[in-house]
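Report on the structure
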Amino acid sequence: AQTVTQSQPEMSVQEAETVTLSCTYDTSESDYYLFWYKQPPSRQMILVIRQEAYKQQNATENRFSVNFQKAAKSFSLKISDSQLGDAAMYFCAYRSAAGTYKYIFGTGTRLKVLA
Amino acid sequence: DTAVSQTPKYLVTQMGNDKSIKCEQNLGHDTMYWYKQDSKKFLKIMFSYNNKELIINETVPNRFSPKSPDKAHLNLHINSLELGDSAVYFCASSYLAGEEQYFGPGTRLTVT
């Protein structure tokens, strides 16, 4: 079965600095999707960025980028120029590209942004 | 024009009661999901329906019964509520073979 591990329960970053959140996963599948979701205090789950496993190029969305290492089964999120509004829980998620297309979420990393 | 909506957003009830949470999506997606997020923020899938057919049914007490009258709606009925059912319940939708899910705002259920 697939698993997703986020080993950092909490991280802090100074405003305007860069922070990297870690995520590793375990799967025997070759085709899948990976996501980072953000959950601010409002509790709304918001998609931050996604990566298709077949793409070697790392996804980027404005200040958010990923470092996708397929062989190492690693999918880290880098947030550049951190802003106060980035403070939230961040969840890494895995989705199969076949079968029931089930999503599996990591346990989350709470990001604090210090002014 | 809310994409995925849930009602109610807050629900406080006593042990032993029966309650329902409703979910609707206007994105045209064919697959809908229910997740439970516990007090430690762990998000776990409970059920998934594709075109009204149950495709994912995790190990959930049979007091929980999902119902999908059509592909735009997925409701969750909970019988004989227990203290441990207190959590935030999220509805989500996607295309079955699509990529990301879209989440509703969540329903915070408190059982006293």
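This text gives an overview of the structure that appears in the document. (Residues numbered from 1 in each chain as written. Chains lettered and ligands numbered in written order. Predicted model: local features only at pLDDT ≥ 70, side-chain atom pairs only at ≥ 80, totals over all residues. Heavy atoms only, no water.)

1. Details of the overall build of chain A
Note the threshold: Put simply, DSSP H or I for four residues or longer makes a helix, DSSP E for two residues or longer makes a strand, and each gets a number counted from the N terminus. The reference for a compact globule is 2.2 Å times residues^0.38; the radius of gyration itself is calculated from the C-alpha atoms. Partly exposed residues are those whose accessible area sits between 20% and 50% of the maximum for their type, while under 20% is buried and over 50% is exposed, using a 1.4 Å probe and protein chains only. Whether two residues are in contact is decided by their heavy atoms: any pair within 4.5 Å suffices. Neither His nor the chain ends contribute to the count of charged residues, in which Lys and Arg are positive and Asp and Glu negative. The location of each charge is read from NZ of Lys, CZ of Arg, CG of Asp or CD of Glu.
A tally of helices and strands in chain A yields zero helices and twelve strands. Starting at the N terminus and ending at the C terminus, chain A contains elements arranged as β-β-β-β-β-β-β-β-β-β-β-β. In terms of overall size, chain A behaves like a compact globule, its C-alpha atoms giving a radius of gyration of 14 Å where 115 residues would be expected to give roughly 13 Å. Judged by the C-alpha coordinates and their principal axes, chain A covers about 45 × 25 × 20 Å. Counting over 115 residues, chain A shows a buried share of 49%. In chain A, the share of contacts with a sequence separation of at least 24, taken over all contacts with a separation of at least 6, comes to 55%. Taken together, the 12 basic and 10 acidic charged side chains of chain A have centroids lying 5 Å from each other.

2. Some words on the interface of chain A and chain B
Keep this limit in mind: Summed over both partners, buried area is the accessible surface (1.4 Å probe) that two parts give up on being assembled. Put simply, a salt bridge is a Lys or Arg side-chain nitrogen that is within 4 Å of an Asp or Glu carboxyl oxygen.
Each side of the interface is counted separately: chain A has 20 residues, and chain B has 28 residues. Each partner contributes to the roughly 2100 Å² buried at the junction of chain A and chain B, and carbon and sulfur atoms together form 52% of this total. The three residues of chain A that bury the most area against chain B are Arg 43, Tyr 103 and Phe 105 of chain A, which together make up 31% of that side's buried surface. Our count for the contact surface shared by chain A and chain B stands at two salt bridges.

3. Here's the deal with the side chain of Ser 94 of chain B
All names here are of chain B. So the rule is basically this: Pairs of N or O atoms within 3.5 Å make up the polar contacts considered here, provided that, within protein, one atom can donate a hydrogen while the other can accept it, and that residues adjacent in sequence are counted only when both atoms are side-chain atoms.
Take Ser 94: it is sitting in strand 9 (residues 87–94). Of the residues examined, Ser 94 reaches a relative accessible area of 0% and is grouped as buried. In this structure the side chain of Ser 94 is engaged in a polar contact, spanning 2.8 Å, whose partner is the side chain of Tyr 33.

4. What to know about the pattern of salt bridges
For the structure on display, the rule yields nine salt bridges over all chains. Between Glu 100 of chain B and Arg 50 of chain A there is a salt bridge whose closest N-O contact spans 3.0 Å. Highlighted residues: Glu 100 of chain B in the loop between strand 9 and strand 10 (102–103) and Arg 50 of chain A in strand 6 (residues 46–52), drawn from two different chains. A relative accessible area of 14% places Glu 100 of chain B in the buried class. Residue classification places Arg 50 of chain A among the partly exposed positions, given a relative accessible area of 32%. Ionic pairing is found between Arg 63 of chain B and Asp 85 of chain B, a salt bridge with its closest N-O pair at 2.8 Å. With Arg 63 of chain B in the loop between strand 6 (53–57) and strand 7 (64–70) and Asp 85 of chain B in the loop between strand 8 (73–78) and strand 9, this pair connects stretches of sequence that are 22 residues apart.

5. Looking at the sheet that holds strand 1 (residues 4–7) of chain B
All names here are of chain B. What counts, and what does not: DSSP-based pairing: two strands are paired if at least 2 bridges between them are found. In this analysis, axes come from line fits to C-alpha atoms, helices being fitted only over the stretch in contact, and the angle between any two N-to-C directions falls in the range 0 to 180 degrees.
Ordered by their spatial adjacency, four strands build an open sheet running 1-3-8-7, and the pairing between neighbours is antiparallel. Every other strand in the sheet has two partners, leaving strand 1 and strand 7 as the edge strands with one partner each. Put simply, the sheet's adjacent strands are angled 20 degrees from each other on average, direction ignored. Examined bridge by bridge, strand 3 (residues 19–25) and strand 8 share four bridges and lie antiparallel to one another. Within strand 8, the position partnered with Ile 21 by the bridge is Leu 76.

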